[in-house]
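Each chain, letter by letter, is given below.
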2 protein chains.
Amino acid sequence: MEYYKELKMSREELLVKIQSMVKASRFQHMLAVEKVAGELAERFSADIYQARLAGLLHDYAKELSFMEFEGLIDRHHLDESLKSWGNEILHGKVGYLKIQEDLGLENQEILQAIERHTTGHAEMTVLDKIVYVADYIEKGRNFPQVDKARELAAVSLDKALAFKTMRTMEYLIAKKEPIYPQTLETYNTYIKFLKEK
Amino acid sequence: MEYYKELKMSREELLVKIQSMVKASRFQHMLAVEKVAGELAERFSADIYQARLAGLLHDYAKELSFMEFEGLIDRHHLDESLKSWGNEILHGKVGYLKIQEDLGLENQEILQAIERHTTGHAEMTVLDKIVYVADYIEKGRNFPQVDKARELAAVSLDKALAFKTMRTMEYLIAKKEPIYPQTLETYNTYIKFLKEK
């Protein structure tokens, strides 16, 4: 079985650790994101190892309590305004630090892709895009228009990520929920790709 | 006829000046916004004179050319990034300076309400809210759900402005157009009022 040199643990040990952090259905989702992230990396000539590991770990902090996120924000001197946001934002924007603390992961490209996987960013790397899109289209997803997202991801990461961002904003507006400003930055940068033929 | 002391001109002279700046249908819209802004000011205990004048002038710069907006941005040392936005944003965010230059208007409350009338702001005054809402519900407006907006404005400026902001964002997303970040700030501050019963 695979050994993760930078984590100083085998794949088996890592999977046991992840399963201690999240419920079974989320663990299955993380495995599915790992798989499709690897496929996207192959399709778009990115580092398959990085894409798979970022995909596998992306929701590692999804079930932390708000108090745990507050502790991370304080220990790492992050912007206090993060405390006014919920788990949906914090598990990426703050959660990547839990992965760093718990697993000793120091690969900045992977940590950044995990940090950005829910909100995106105005200037995303190919790895950022892969994790952001993989989270949306993994085989277990079955929301309306997921097939449209998969079709777009077959040809363009930019189109697929613009689609995810647009649909996320529509969903939040329909629920009258706040939208994280970085999500709008992602939308404003990438929406033009959806207008192209 | 009314005389505007701070503009050093009569209402008649002001209306002639406005008509030299905008086409006839826009002039009618500005008169209609003046009227409903005055009514809202009466309903919500704001300064009726300020509300009417801001309403009358709000689209004064709507038909300026992009070069004219660039000139205003340069002369007044505004943020260069404004130049990447279109007329829809610029006629408020920059256009209020044209009113100041042309008409000598120095009333900061009125100028601010005009500046904010398209995007809103995270912390709006009652006058800001009145002009923002009046522009949306004046009697000539007949888009879907304008009656819903009018009903909300009968009871709450906060609900009505949240509704306008939400619908504006939905409209821009449907057209795959960028959204000005200040519009999102308005949404994030005021959307909670639409969730209240």
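Residues numbered from 1 in each chain as written. Chains lettered and ligands numbered in written order. Predicted model: local features only at pLDDT ≥ 70, side-chain atom pairs only at ≥ 80, totals over all residues. Heavy atoms only, no water.

Student: Any chance you could explain the overall build of chain A here in plain terms?
Tutor: Per the secondary structure count, chain A includes twelve helices and two strands. What you see for chain A is a C-alpha radius of gyration of 16 Å, in line with the 16 Å of a compact globule of 197 residues. Projected onto its principal axes, the C-alpha positions of chain A cover 45 × 40 × 30 Å. The buried share of chain A, taken over its 197 residues, is 54%. Sequence-distant contacts in chain A: of pairs separated by 6 or more residues, those separated by 24 or more amount to 61%. Just so you have it, chain A exposes about 9200 Å², and 51% of that area is on carbon and sulfur atoms. Taking the average place of the 28 positive charges on the side chains of chain A and the average place of its 32 negative ones, the gap between the two points comes to 5 Å. (Helix = DSSP H or I, 4+ residues; strand = E, 2+ residues; numbered from the N terminus. Rg over C-alpha atoms; globule rule 2.2 N^0.38 Å. Buried < 20%, exposed > 50% of the residue type's maximum accessible area, 1.4 Å probe, protein only. Contact = heavy atoms within 4.5 Å. Areas by Shrake-Rupley, 256 points an atom, 1.4 Å probe, with all protein chains shown as cover. Lys, Arg positive; Asp, Glu negative; His and termini not counted. Charge placed at Lys NZ, Arg CZ, Asp CG, Glu CD.)

Student: Looking at this model, I keep getting lost on helix α9 (residues 146-155) of chain A. Mind explaining?
Tutor: Since the α-helix packs 3.6 residues into each turn, any two residues three or four apart lie on the same face. Residues and elements named next belong to chain A. Along α9, the residues classified as buried are V146, A149, L152 and A153. Projected down its long axis, α9 carries its buried residues within an arc of 120°, all on one side. Opposite the packed face of α9, turned more than 90 degrees from it, sit the exposed residues E151 and V155. For α9, the elements touching its buried residues are α2 (24-43), α8 (126-137), α10 (157-174) and α12 (192-195). (Arc of directions from axis to C-beta.)

Student: Looking at this model, I keep getting lost on the pattern of salt bridges. Mind explaining?
Tutor: Pairing is possible between side chains that carry opposite charge, provided their charged atoms lie close to one another. Using the criterion set out here, one finds 36 salt bridges over all chains in the structure. Salt-bridge contacts for E34 of chain B lead to R52 of chain B; the nearest nitrogen and oxygen are separated by 3.5 Å. Of this pair, E34 of chain B sits in helix α2 (residues 24-43) while R52 of chain B sits in helix α3 (residues 48-57), and the two are 18 residues apart along the sequence. Put simply, R11, E34 and R52 of chain A are held in one network by salt bridges that share partners. (Salt bridge = Lys/Arg side-chain N within 4 Å of Asp/Glu carboxyl O.)

Student: How should the nonpolar core be read in this particular structure?
Tutor: Note that soluble globular proteins tend to have their nonpolar side chains buried in a common cluster. One finds L14, I18 and L57 of chain A together with L14, I18 and L57 of chain B to be the most contacted residues of the largest nonpolar core, which totals 136 residues. I18 of chain A has contacts with F27, M30, L56, L57 and Y60 of chain A, leaving out every residue within four places of it along the chain. (Core = buried A, V, L, I, M, F, W, Y, C linked by side-chain atoms within 4.5 Å.)

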